[in-house]
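Overview (structure and organization)
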Amino acid sequence: MAIRLLAIETATAACSAALYIDGEIQERHAFAPRQHAALVLPMIESLLVEADLKPGQLDAIAFGRGPGSFTGVRIAASVVQGIALGAGLPVIAVSTLAALAAGAIRETETQGVLVALDARMEEVYWGRYVAVTNRVPALQGEEAVCKPECVHMPADGIWIGAGSGWDSYGSMLVERAGERVVRLLPDLEPRALDIANLGVDKFGRNEVIAPEAAVPVYLRDNVAREP
Amino acid sequence: MRVLGIETSCDETGVAVYARDGGLLAHALYSQVELHARYGGVVPELASRDHIRKLLPLVQDVMSEAGTGASDIDGVAFTAGPGLVGALLVGALTGRCLAWSWGVSAIAVHHMEGHLLAPMLEPETPGFPFIALLVSGGHSLLVEVNGVGRYRVLGDSIDDAVGEAFDKTAKLLGLPYPGGPALAQLALQGNPERFTFPRPMTDRPGLDFSFSGLKTFALNTWRESAQDDQARADIARAFEEAVVDTMVIKCRRALHQTGIRQLIIAGGVGANQRLRERLGQLMAEEDGRVFYPRPEFCTDNGAMIAYAGYRRLLAGQTAPLSVNVTPRWSLEELDPADA
């Protein structure tokens, strides 16, 4: 598609930014816990300088809206709000779990991905994705935050397990999945490259929002206890 | 020159536009006090979640009220610390990225410098040097201010900040959060003669503050009292008198020690009427003058960040693309900003 789209993903220990121009993608990527705020705008700047683009020449900006690290998803949302308001751009919110699924599909050419991100507190962010056209994953059911023993496993089919949850709670999840899971990618991180691809797909379907609507999806919302 | 200022260091989202010509053009504040009230204190994660929902609409409102378009803005200032790291990140990243996409400078502002310079937003401003008493829920500071960025911390709190001591004492007397202003209100009905509280750290040299012992003293006095409405009001009165008297003693010492005859009061506790009254008397005795920001600029706000950012931008001090927030940051680490 003839489109110029900037994408960022900062929901995990990885930080990345990608620029999609008419089917070609350039990406900056770093594994850098707690460095996202320092890294993300220099990454974006270097992508635009390389392409000789100003922010106002973009068509849209996409971000990984979570779930993931609370601070991480807020970093992406804050960056996107600032750039989108400043440059007058529409925003595309992409699920971080969908981006992880897209990464797994891209790397393995399989169809079904069970995404589990470590959500701490003995829980995972969980999503079941199946590839449709253009290797765009479609969510089956709903994304959830829950104990590994409570995730909604598919009844049958052939699946890949992707994300840090398959590392932290691997034995529990593998035991529950049985032979339905044929391969694990526990080290796979969500990347801006996949946010960009999914963002272009959503842009084509006009799934855009205003800058101020670019807010995180945390899934975990009971974060304070009354005295 | 026009600067957009953004403040998100704690539980208030503040935005303002300050102009070289015209001064403060517009400002707006969204307070999260009600959000945190049921938890009895600020919940950092909830504060961050609220900032990210409220900030952009406030920016849009303030720009529109200021009659300012993107092309009129020369810089975006944001609070980079001290404060809650998650809350700071929202304002810092949004502000930094807004500046980048507008192609203008970004300025990282020290929150307490904002408070120090807040009296400059009023019609009558002090010249340098002056002594600043910064008293809020997070700080009790006495600072010698010799210019923008030329700060010497004369005294600091060694335990509870004064506003924190007000809130905690109010809580143990059964007043709802945030109890400081309610405690001051209650003190008006109290008998000043009934209880006498100590004046912490006034019996020795130095300008540091310690208020946590007063809170304990209040608790013990409450336990030994009839625990009725009059006792509550009398304790509130004695507590407020002790705190205010202690601050007056330290301010007088700071004035004598430095020979400076101008005093400014900033921070949320600066809105306390008894404190204002007593410091007014002090400065009359000392043949000096006291300056206050208007009450809404005593508490956290975007106007003071826009102004501090404006002064830093005049001196050519701008922030890089890499955003760093600093939860703990001394005023003395700042560079002078001589335009």
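Rules behind the numbers
- Residues numbered from 1 in each chain as written.
- Chains lettered and ligands numbered in written order.
- Predicted model: local features only at pLDDT ≥ 70, side-chain atom pairs only at ≥ 80, totals over all residues.
- Heavy atoms only, no water.
- Helix = DSSP H or I, 4+ residues; strand = E, 2+ residues; numbered from the N terminus.
- Rg over C-alpha atoms; globule rule 2.2 N^0.38 Å.
- Contact = heavy atoms within 4.5 Å.
- Areas by Shrake-Rupley, 256 points an atom, 1.4 Å probe, with all protein chains shown as cover.
- Lys, Arg positive; Asp, Glu negative; His and termini not counted.
- Charge placed at Lys NZ, Arg CZ, Asp CG, Glu CD.
- 1 Å grid on protein atoms, 1.4 Å probe; cavity = no way out; pocket = protein on both sides within 12 Å on 5 of 7 lines; lining within 4 Å.
- Points joined across faces, edges and corners; volume = space filled by probe spheres on them.
- Nonpolar A, V, L, I, M, F, W, Y, C, P; charged D, E, K, R; others polar.
- Phe/Tyr/Trp six-rings, centres within 6.5 Å; stacked < 30°, edge-to-face > 60°.
- Buried < 20%, exposed > 50% of the residue type's maximum accessible area, 1.4 Å probe, protein only.
- Lys NZ or Arg CZ within 6 Å of the ring centre and 35° of its normal.
- Buried area = accessible area lost by both parts, 1.4 Å probe.
- Salt bridge = Lys/Arg side-chain N within 4 Å of Asp/Glu carboxyl O.
- Domains from an automatic or database assignment.
- Polar contact = N/O pair within 3.5 Å; in protein donor to acceptor, adjacent residues only side chain to side chain.
- Pairing = 2+ DSSP bridges.
- Axes fitted to C-alpha atoms, helices over the stretch in contact; angles between N-to-C directions.

For chain A, the count of helices and strands is 6 helices and 10 strands. Relative to a compact globule of 227 residues, whose C-alpha radius of gyration would be 17 Å, chain A shows 17 Å and is just as compact. Along the first, second and third principal axes, the C-alpha atoms of chain A reach 50 × 50 × 30 Å. Restricting to contacts in chain A with at least 6 residues of sequence separation, those with at least 24 account for 67%. For chain A, the exposed surface amounts to about 9600 Å²; the carbon and sulfur share of it is 48%. Computing the positive centroid from 19 side-chain charges and the negative centroid from 28, chain A places the two 2 Å apart.

In the structure shown here, the tally under the stated rule is 1 cavity of 30 Å³ or more. A volume near 40 Å³ is recorded for the largest cavity. Surrounding the largest cavity, A:Thr71, A:Arg74, A:Ile75, A:Ser78, B:Gly86, B:Leu89, B:Val90 and B:Leu93 form its lining. Every element with two or more residues in the lining of the largest cavity is listed here: helix H2 (70-87) of chain A together with helix H3 (85-102) of chain B. Within the lining of the largest cavity, the residues separate by chemical class into 4 nonpolar, 3 polar and 1 charged.

Here we come to the packing of aromatic side chains. This structure, assessed with the given rule, holds 9 aromatic pairs over all chains. Ring geometry for A:Phe70 and A:Tyr218: centres 5.5 Å apart, planes at 90°, overall edge-to-face. Of this pair, A:Phe70 sits in helix H2 while A:Tyr218 sits in the segment after helix H6 (192-204); the two residues are 148 residues apart in sequence, bridging distant segments of the chain. Pair check on accessibility: A:Phe70 and A:Tyr218 agree, each one buried. On the basis of an interplanar angle of 85° and a centroid distance of 5.3 Å, the ring pair of B:Phe166 and B:Phe239 is categorised as edge-to-face. Linking B:Phe166 in helix H5 (residues 162-172) with B:Phe239 in helix H8 (residues 229-258), this pair joins segments that are 73 residues apart in sequence. Of the two residues examined, B:Phe166 and B:Phe239, each falls in the buried class. Taken together, the ring pairs connect B:Tyr18, B:Tyr307 and B:Tyr310 into an aromatic cluster. Sitting over the ring of A:Phe70, B:Arg49 keeps its end group 4.5 Å from the ring centre. In this structure, B:Arg276 packs its charged tip against the face of B:Tyr292, placed 4.1 Å from the ring centre.

Take the interface of chain A and chain B next. Opposite the 33 residues of chain A that make contact, chain B presents 27 residues. Regarding the contact of chain A and chain B, the summed buried area is about 2700 Å², with carbon and sulfur atoms giving 69% of it. Looking only at chain A, the three residues that lose the most surface to chain B are A:Leu41, A:Arg74 and A:Leu85, adding up to 21% of its buried area. Here chain A is connected to chain B by 3 salt bridges. Here A:Arg74 and B:Glu45 are joined by a salt bridge, their closest N and O atoms 2.9 Å apart. Tallying contributions element by element places H2(A) first for the side of chain A that touches chain B, with 13 residues. Within the side of chain A that touches chain B, the residues separate by chemical class into 21 nonpolar, 5 polar and 7 charged.

Once that is clear, we can look at the domain arrangement of chain A. Residues and elements named next belong to chain A. Splitting chain A by domain gives domain 1 (4-95 + 190-213) and domain 2 (97-185). On a C-alpha basis, the centroid separation for the pair domain 1 and domain 2 is 23 Å. In this complex, domain 1 contributes 14 residues to the contact, which on the side of domain 2 involves 13 residues. Between domain 1 and domain 2 the total buried area reaches about 1100 Å² when both faces are included, carbon and sulfur atoms providing 64% of it. In this structure, the connection of domain 1 to domain 2 is made through 2 salt bridges. Put simply, Arg 106 and Asp 194 hold a salt bridge, and the shortest N to O gap is 2.8 Å. Along the contact surface separating domain 1 from domain 2 lie 7 residue pairs in polar contact (both at pLDDT 80 or more). Partitioning the side of domain 1 that touches domain 2 into residue classes produces 6 nonpolar, 4 polar and 4 charged.

Attention now goes to the sheet that holds strand S1 (residues 4-9) of chain A. Residue and element names in this part refer to chain A. The mixed open sheet is built from 5 strands, whose spatial order is S3-S2-S1-S4-S5. The open sheet has two edge strands with one neighbour each: strand S3 (24-31) and strand S5 (91-94). The sheet shows a mean angle of 15° between the axes of neighbouring strands, taken without regard to direction. With 4 bridges connecting them, S1 and strand S4 (residues 60-64) associate as parallel partners. The residue of S4 that forms the bridge with Leu 6 is Ile 61.

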